[in-house]
Every structure is written in C-alpha cells, then in structure tokens.
Amino acid sequence: MSRIGTVLTTAVVTTACVCVSAPPAAASDPVVSRGVTIPAFYTPPAELPEGNGTLVRHEPLPLGLALPGLDGRPLPGTATRLMYTSTDSGGERVAVTGAYIEPSAAWKGDGPRPLVVVGSGTMGQGDQCAPSFSLQHPLLLNGQTLSVGYEILAVYRLLATGAAVVVTDYVGLGATDRLHTYVNRLDQGHAMLDAARAARSVPGASVTAGSRVGMYGYSQGGGASAAAAELQRTYAPDVPLVGTYSGAPPADLTEVMKGIDGSALAGALGWSINGFAQAEPALREVVEANVNATGRAALKDIATTCVGDAILGHGFTRSTKWTSSGKSLAEVLAGEPRAQAVLDEQRLGALAPTGPVRLATGVQDDIVPHAQSRRLAVDWCRRGGDVTYKPVILPNLGDKILTNHLAPLITDQGDAVSWLTDRLAGRPARSNCHTLPVQP
C-alpha cells in the first residue's frame, strides 16, 4: 500500500490510537496518494479569506470526455477547477475543492441560466478520488488505485438541459489538508450550498445571484443534497433553492452501517469511522478503545482508497474482525451513549427541507436500506415538506453486491433530471405526501 507522504491523514499512529490527523503540507512537497500525484492546486493556503462560498482560487479544468462543438465551443461545456471556503461541523473555516462547468447548450427557460449543485455518490477517501479530479480522469487505474467517474453521466445530462453545473468535492476529498469527512451531514450540506455561492464568482460564469438553484445527488450525494435542503434556510438563505433531488439518501447512519457491514462496499464503514474520528473526540475515544490491530490496519489502508480499491481490498469484510470484543462496529457504537449521540446528530429528517424535494429509493436497496430512506420522506411530509416520493421497484438483483443500490441510480436518472429541470424552469411540483401510506 502506498501513502501520501506527510500530508494525507494516517488513521493509525500507535497501537493504542486510531485517531486521524493531517499535518499541513509544505508548498514544495508534492502529495502522492496510491501512486497518484495530486496537483498543487488542491493544497489549501495557510490563510483562507473570510466568508462562506468565497472563491480562493481557480484554474481551467480539461474535461476527460469532451468533443469540439460546431461553434468552436467544447461540448458539453467549459470547466473550471475551484477552491472555495466553507464551514465545517466544528464551526471552523475550511477549504473545499470542486469544479464549475459552463454549458455549451443554451438555457431556454425563463430567467437567467440556472445552476445545479451536484453532490457525487461515494467516490472514496483518498484525495485521488475527488469528483473534480475524475472529471479530468474518468478512469484512474495504475495498479494501486481504481476510481471511476460514474457521476459524469448525470453531470452531462444536466448540462444538456442548459443549466450550469458545479460539482463539490466535499470537505477533505481533494483538499489535502485533512481527511474526507464521509457522510458528515453538516460538512456535506454546507459544501453543497457554498458551491452555489462560489459558482457566481467564477470568471466567465453566466449564473448570477438571481439564478435558480437545484441540488442533485444520489447515495452519499443524496444525503448531501438532503442536508443542503434542510440547512438552506439558516445557513444560506441567499441561495435561491427551488428543487432538490435526493436519491437513496443515507438518512440514518446507524441503519446504514448495518447495511454496509459485510457488503461489497464494507470499506465505506471505514471511511465513515475515519471521518467521524477526526471530527468528533467522543467517537474517536470509543473507537480507539474497541478496535483491534486488524481494524487499525484496515482503517489506515481504507483512508487512502477509492471505491474500486475498497471493493477489491475490503469487500464483504465484517467489522466483527476489526473489534477486540468480536462485536460489530454498529453494536460497539450502540453500546456507547457518547458515540451513539454522534450518529443520532447526523440523522436527517429533523428539519423541513426548503422547496420541493424528489426523494427516490430502490425498494430492494440493501446497502443504503430502503426503509430508512423512505422514513426520511415520511419525516419531511410530517414537517410540511413539499415531497415527491418515488419508490423504484425492481427485482432483487443480488444481496450485498451493490446491484440493488446502483440499479436505481441508472433507471431513475432520466426522471430525476427531468423533474429537477422543471423546477429550474419555474414549474410547480406536485407533492404526493398524501399517498405515502399506500406506497412501498
């Protein structure tokens, strides 16, 4: 296994500690993650400007999949790599990276060109897995890491509608000063909303403060978009949010941990533990006291992996192998009130979302369990949310092998893009909260 030198967080520093820390990088030190050199752009400066959504730096981003247009403009658009400010779950200012794409397609709806903020599905925890990096390198395969930019299809479909798109890398994914805080509700929601703010400052961008904004995400991205919809009212009232697509959101991390454990994507359990151990001292102490040597080694390795690496290296692992008691990590955390409180604080559904939301979930999904995603729709409806709930009904395509989770991503994508485009065009949504009791 390769390391990223002195920059990427190590998940284990002694046999008694699985704490995570990320020492600042020297400007002259290249960051290397599993054999991939991370461009210097992704190393944040020592001092960040004031405000949330403030553009720190930008540069042209060559798209890995692009065609020359008849009018000389590239298809599907012109991309810019971004670094912007946000606020993390501890209230500290943090640098977040991402990408803005100005579409070649014209916007034919009313008003200025709208903007869609895309929260990527799970990419991993190594900086080489960053969604903005995958736009340039759709397939990253070097014998040490494997990353596939599967969200490119959704991004390009959204650009084809004439909407501009900004993709966030979330906190710590890409930016080399800290570990990615995987599925952290506040970090992800803030990063989504601040990406919308930052997009307005990109040189040459046609979006304005008056542009309608939509949130789009599936899986990890579905949780991020859902969090953004809940937080907009208090954190970013200046972002004119008119619609949110939340696909397969991990709304209840306690239930999601059970679904992931022992699955093809068991490594995601490590990503979440690593991220929360970095951000939450209470959970870090519990993990340090209960994880064995095998678990410490796994968490350290997982901290630099992308999805492909995690599946190949840790797929179908049960977390009982990582604990000194032989209990699963979910059982360990449930038995510790301080740790369980951290997970409970991450629960989505305690706040009503701003604007219409389309929540879709596969009824056979056993990785991000269907029942907890559906419960989010119920919670929002009870709080007066404008919710369009869509159960994606497909046959069981195989237990714990990701197929039941990934199939709805593809089969529902066209409807999701169409629904969000209607909101960006100013057309009203029709809530179906009244039919939830009879829907699967």
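Everything discussed here concerns the structure shown above.
Rules used in this analysis
Residues numbered from 1 in each chain as written. Predicted model: local features only at pLDDT ≥ 70, side-chain atom pairs only at ≥ 80, totals over all residues. Heavy atoms only, no water. Helix = DSSP H or I, 4+ residues; strand = E, 2+ residues; numbered from the N terminus. Contact = heavy atoms within 4.5 Å. 1 Å grid on protein atoms, 1.4 Å probe; cavity = no way out; pocket = protein on both sides within 12 Å on 5 of 7 lines; lining within 4 Å. Points joined across faces, edges and corners; volume = space filled by probe spheres on them. Nonpolar A, V, L, I, M, F, W, Y, C, P; charged D, E, K, R; others polar. Buried < 20%, exposed > 50% of the residue type's maximum accessible area, 1.4 Å probe, protein only. Pairing = 2+ DSSP bridges. Right-handed = clockwise from strand over helix to strand, strands pointing away.

Details of the environment of Glu-92
And then number 1: Mapped onto the elements, Glu-92 comes out in the loop between strand 6 (77–87) and strand 7 (93–103).
And then number 2: When the C-alpha atoms of Glu-92 and Arg-81 are compared, they prove to be 23 Å apart, with 11 residues separating the residues in sequence.
And then number 3: Once residues lying within four places of it in the same chain are set aside, the contact partners of Glu-92 are Ser-86 and Thr-87.

Some details on empty space enclosed by the protein
And then number 1: Taken as a whole, this structure holds six cavities of 30 Å³ or more when the rule is applied.
And then number 2: Empty space within the largest cavity amounts to approximately 160 Å³.
And then number 3: Forming the boundary of the largest cavity are 19 residues, of which Tyr-182, Val-183, Leu-253, Val-256 and Ile-260 lie nearest the centre.
And then number 4: Among the secondary structure elements, those contributing two or more residues to the lining of the largest cavity are helix 5 (253–260) and helix 6 (267–279).
And then number 5: With five residues, the single largest contributor to the lining of the largest cavity is helix 6.
And then number 6: Here the residues of the lining of the largest cavity are counted per class, giving 15 nonpolar, four polar and no charged.

So, the environment of Leu-115
And then number 1: On the secondary structure map, Leu-115 appears in strand 8 (residues 115–119).
And then number 2: Not counting chain neighbours up to four residues away, the residues in contact with Leu-115 comprise Tyr-100, Ala-164, Val-165, Val-166, Ala-196, Ala-199, Val-207, Arg-212, Val-213, Gly-214 and Leu-424.

Some remarks on the pairing of strand 14 (residues 357–362)
And then number 1: In terms of burial, strand 14 is a largely internal element, six of the six residues being buried.
And then number 2: Here strand 14 shows two buried faces, one formed by Val-357, Leu-359 and Thr-361 and the other by Arg-358, Ala-360 and Gly-362.
And then number 3: In this structure, strand 13 (residues 241–247) lies alongside strand 14, joined through four bridges in parallel fashion. Within strand 14, the residue paired with Ser-246 across the bridge is Leu-359.
And then number 4: In this structure, strand 14 lies alongside strand 15 (residues 387–392), joined through six bridges in parallel fashion. Each residue of the ladder has a partner; that of Val-357, found in strand 15, is Val-387.
And then number 5: This β-α-β element, strand 14 to helix 12 (residues 370–382) to strand 15, shows right-handed connectivity.

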